[in-house]
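# Architecture at a glance
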Amino acid sequence: MADFIPPARNTGSIFADMRGHHVAIRTPDYATAKDWYVEKLDFRVVAEWPYADEQLAYLAPAADDNFYIEILGGGEPAPVEARPYTDLGDSLKYRGLHHFCLNVSNVDATVEKLRGRGVTIVTEPFVLPAISRKLAFFCDPVGNLIELAEVLP
């Protein structure tokens, strides 16, 4: 598979030790969010712990130990309703974190598997030639937008 060729690493940077680790999702219902990622996406529960009046967990994709979703549930005040995405174009009118991306080997096949598990697809698969990717988008039960990306040859 083709992919981006990044510029040389800047090992002399004062931030050279920075690495991506996780994305956190605030949810009004910890169990529902955690179960959704486990049941719909086959994520694994890496760790769970309480923090004050909240419950937290790190979840990892089925075969990836380098990226986690952190679920944050409970606590006061409770989180407010998520953005009501209806399609990709509609989602672009909101500022802030827009989505996170999961790379897959075949977007079409993954979308069909998600449909089979009752996941609503927000944006059907499409090709974006500028980055040599086939993409699709869906939402978790809290309303967070998730991108699927397939690197095209």
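Here's what I pulled together on the structure shown here. All values derive from a computational prediction rather than experimental measurement.

## Focus: the sheet that holds strand S7 (residues 133-139)
Taken in spatial order, the four strands make up an open sheet running S5-S8-S7-S6, and their pairing is mixed. Every other strand in the sheet has two partners, leaving strand S5 (99-103) and strand S6 (121-128) as the edge strands with one partner each. If you compare each strand with its neighbour and ignore which way they point, the axes differ by 20° on average. With seven bridges connecting them, S7 and strand S8 (residues 145-151) associate as antiparallel partners. By the bridge assignment for S8, Ala-136 is matched with Leu-148. Sitting on the sheet, helix H1 (residues 30-41) is in contact with S5, S7 and S8, with an inclination near 135° to S7.

## Comments concerning the layout of surface pockets
The volume enclosed by the largest pocket comes to roughly 640 Å³. In terms of lining, the largest pocket is formed by 22 residues, of which the most central are Leu-41, Pro-61, Leu-102, Asn-103 and Val-104. At the level of secondary structure, the elements contributing two or more residues to the lining of the largest pocket comprise H1, S5 and helix H3 (107-116). Of the residues forming the lining of the largest pocket, the biggest block, four residues, is contributed by H3. For the lining of the largest pocket, the class distribution of residues is 13 nonpolar, four polar and five charged.

Analysis parameters
- Residues numbered from 1 in each chain as written.
- Predicted model: local features only at pLDDT ≥ 70, side-chain atom pairs only at ≥ 80, totals over all residues.
- Heavy atoms only, no water.
- Pairing = 2+ DSSP bridges.
- Helix = DSSP H or I, 4+ residues; strand = E, 2+ residues; numbered from the N terminus.
- Axes fitted to C-alpha atoms, helices over the stretch in contact; angles between N-to-C directions.
- Contact = heavy atoms within 4.5 Å.
- 1 Å grid on protein atoms, 1.4 Å probe; cavity = no way out; pocket = protein on both sides within 12 Å on 5 of 7 lines; lining within 4 Å.
- Points joined across faces, edges and corners; volume = space filled by probe spheres on them.
- Nonpolar A, V, L, I, M, F, W, Y, C, P; charged D, E, K, R; others polar.

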